[in-house]
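# A closer look at the structure
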Amino acid sequence: MDKVGRYEFMAEPFHCDFSGRLFMGHLGNHMLNAADFHSSARGFGMKYLMSINRSWVLSRLAIEMMEMPQQYTKFNVETWVESAMRYFTSRNFAVIGEEGKVYGYGRSIWAMIDTETRQPTDIYAIDNGAINNWIVKDKECPIDKGGRVKMSDGAQLVRTIDTYYNDVDINGHINSVKYIEHVLDLWPLDWYRNHAVKRFEIAYVAEAHAGDQLSFYLEEASQSLTSDHSPLTSYNIRIVRTDGTECCRSKVVFAAK
């Protein structure tokens, strides 16, 4: 079995936005599915882990796209484990279209938790550290790993939302992809007529659960130009749950169309 997994998906029309291109949230979901397909086939997937009171939880995700697949387009998500430590593992992604067209890349960091204590647990304890047999060190993922999203005291509260049944995943907390969707909903439809998401980063800090309210704090971080002089605008977002605990931070980089 290859160390790199390759899984085919399609940009289904109802998973695409008004421009006919795949939603970032659905792309993130495809990446998480590819991660589970890959880990399950190699003995450390969610189905097995749940049977021993363990689970993977996403800690960080960065997605950088040159272009989003159009509706009905078939594409592959490649995924591989870049490194592993006792409590965290790094997993990368490549979104590849027909004839080798590269749409973009992703980087992620995962922790393994005990589902009863909700605390991190030893990844190497699973099958005597068998995850080390699947590490790929020589496959390129040419995007920035990202870093801590810095927020100032001047970030503005722009929205507070309630959470419900459809926000909750198999781990019993707010789904990782739902945060992506909620963040990108902070900008109106007209904004997306003139801007595309170039890069999306999110770092998860604490769990939120159904019934929690999520408050979103937003500030513009920077403006710059691409190599072809197209404008880029970056925004930082902090998400706080009902009791004031910070759940996650996100950074979104928009490119002008």
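Residues numbered from 1 in each chain as written. Predicted model: local features only at pLDDT ≥ 70, side-chain atom pairs only at ≥ 80, totals over all residues. Heavy atoms only, no water.

## Structural notes on the overall build of the protein
Where we set the bar: To qualify as a helix, a DSSP run of H or I must reach at least 4 residues; to qualify as a strand, a run of E must reach at least 2; elements of each kind are numbered from the N terminus. The atom set for the radius of gyration is the C-alpha atoms, and the globule formula is 2.2 Å times the number of residues raised to the power 0.38. Note on definitions: a residue-residue contact is assigned when non-hydrogen atoms from the two residues lie within 4.5 Å. Surface exposure here means Shrake-Rupley accessible area, sampled with a 1.4 Å probe, where a residue is shielded only by the protein chains that are shown.
A count of helical and extended segments in the protein gives 4 helices and 10 strands. In the protein, the order of α-helices and β-strands from amino to carboxyl end is β-α-α-β-β-β-β-β-α-α-β-β-β-β. At 18 Å, the protein has a C-alpha radius of gyration in line with the 18 Å of a compact globule built from 257 residues. The dimensions of the protein, computed from C-alpha atoms along their principal axes, are 50 × 50 × 30 Å. Taking the intrachain contacts of the protein between residues at least 6 apart in sequence as the baseline, contacts between residues at least 24 apart amount to 71%. Entry remark: accessible area of the protein is about 13,000 Å², with carbon and sulfur atoms responsible for 48%.

## Details of helix α3 (residues 176-184)
Test applied: Relative accessibility decides the category of a residue: with a 1.4 Å probe and only protein chains considered, values under 20% of the type maximum give buried, values over 50% give exposed, and everything between is partly exposed.
Within α3, 7 of the 9 residues are buried, which leaves the element mostly enclosed by the surrounding structure. Within α3 the residues assigned to the buried category are Ser176, Val177, Tyr179, Ile180, His182, Val183 and Leu184.

## Some thoughts on unusual backbone geometry
In the Ramachandran plot, Tyr72 falls in the positive-phi region, its phi being about 70° despite a non-glycine side chain. Checked against the element boundaries, Tyr72 lands in the loop between β2 (54-65) and β3 (74-84). Of note in the backbone geometry, Glu99 takes a positive phi value of approximately 60° without being a glycine. In this fold, Glu99 is placed in the loop between β4 (88-96) and β5 (102-114). In this structure Glu99 comes out as exposed when scored by relative accessible area, which is 85%.

## Here we look at the pairing of β4
Heads up, the condition is: DSSP-based pairing: two strands are paired if at least 2 bridges between them are found.
Of all 9 residues in β4, 8 are buried, a share of seventy percent or more. Judged from the 8 bridges that link them, β3 and β4 form a sheet pairing that is antiparallel. Paired with Ala84 across the two strands is Thr89, which belongs to β4. Between β3 and the antiparallel strand that follows it, β4, lie 3 residues. Linking two consecutive strands that pair antiparallel, namely β4 and β5, is a turn of 5 residues; a positive phi of about 60° is found at Glu99 within it.

## A word on helix α1 (residues 24-41)
Stated precisely, the cut-off is as follows: A helix's residues, less one, multiplied by 1.5 Å, set its expected span.
The end-to-end C-alpha separation of α1 is 26 Å, in line with the 26 Å expected for 18 residues at 1.5 Å each. For α1, the set of buried residues is Met24, Gly25, Leu27, Gly28, His30, Met31, Leu32, Ala34, Ala35, His38 and Ser39.

## What to know about the sheet that holds strand β10 (residues 246-256)
Defined as follows: Where helices are involved, their axes are fitted lines through C-alpha atoms of the stretch in contact, as for all axes, and angles between N-to-C directions lie from 0 to 180°.
The 10 strands are arranged β1-β3-β4-β5-β2-β7-β10-β9-β8-β6 in an open sheet whose pairing can be described as antiparallel. In this open sheet, the two strands that pair with only one neighbour each are β1 (5-10) and β6 (156-162). On average, adjacent strands in this sheet sit at an angle of 25° to one another, irrespective of strand direction. Relative to strand β7 (residues 195-204), α3 is tilted by about 135°, and along the sheet it contacts β2, β6, β7, β8 (213-225), β9 (231-240) and β10.

## Concerning the nonpolar core
A general trend in soluble globular proteins is that nonpolar side chains are found buried together. Inclusion rule: Among buried residues, the Ala, Val, Leu, Ile, Met, Phe, Trp, Tyr and Cys ones that are joined through side-chain atoms within 4.5 Å form a nonpolar core.
Counting 60 residues, the largest nonpolar core has Met24, Leu27, Tyr179, Trp187 and Ile237 as its most contacted members. No other element matches the 6 residues that α1 contributes to this core. Ignoring anything within four residues of it in the chain, the contact list for Tyr179 reads Ile174, Ile202, Tyr204, Ala208, Leu214, Ile239, Cys247 and Cys248. Of all hydrophobic cores here, the second largest spans 7 residues; its members include Tyr105, Val136, Cys141 and Ile143.

## With respect to the pattern of salt bridges
Pairing between side chains becomes possible if they bear opposite charge and their charged atoms approach one another. Selection rule: Here, a salt bridge means any side-chain nitrogen of Lys or Arg that lies within 4 Å of a carboxyl oxygen of Asp or Glu.
Applying the stated criterion across every chain, the model contains 14 salt bridges. With a shortest N-O distance of 3.1 Å, Glu67 and Lys101 are connected by a salt bridge. Here Glu67 is found in the loop between β2 and β3, whereas its partner Lys101 is found in the loop between β4 and β5, with 34 residues between them in sequence.

## Topic: a nonpolar patch on the surface
Rules: Nonpolar side chains (Val, Leu, Ile, Met, Phe, Trp, Tyr) within 5 Å and like charges within 9 Å form the patches, drawn only from residues with over 30% relative accessible area and no salt bridge.
On the surface, a nonpolar cluster with roughly 280 Å² of combined accessible area is contributed by Met85, Tyr87 and Phe88. Locating Phe88 in the fold gives a position in strand β4. We classify Phe88 as partly exposed; its relative accessible area is 33%.

## Quick notes on the pairing of β7
The buried fraction of β7 is high, at 8 of 10 residues. Across 9 bridges, β7 lies against β10 in antiparallel orientation. For Tyr204, the partnering residue across the bridge sits in β10 and is Cys248.

## Brief notes about the packing of aromatic side chains
Counted only if it meets this: Stacked, tilted and edge-to-face are the three classes applied to pairs of Phe, Tyr and Trp rings, where Trp contributes its six-membered ring and a pair requires centres within 6.5 Å; stacked means planes under 30 degrees apart, edge-to-face means over 60, and tilted covers the rest. Our definition puts a charge over a ring when NZ of Lys or CZ of Arg is within 6 Å of the ring centre and also within 35 degrees of the ring normal.
As enumerated under the stated definition, the model contains 9 aromatic pairs in all. Ring geometry for Tyr235 and Phe254: centres 6.1 Å apart, planes at 75°, overall edge-to-face. Of this pair, Tyr235 sits in strand β9 while Phe254 sits in strand β10, and the two are 19 residues apart along the sequence. Residue class for Tyr235 comes out buried when judged on its relative accessible area of 11%. Accessibility expressed as a relative area gives 0% for Phe254, which makes it buried. The rings of Trp187, Trp191, Tyr192, Tyr235 and Phe254 are connected pair by pair, giving a single aromatic cluster. When the ring centre of Trp134 is taken as reference, the NZ or CZ atom of Arg42 above it lies at 5.2 Å. Looking at Arg193, its charged tip hangs above the ring of Phe18, at a distance of 5.1 Å from the centre.

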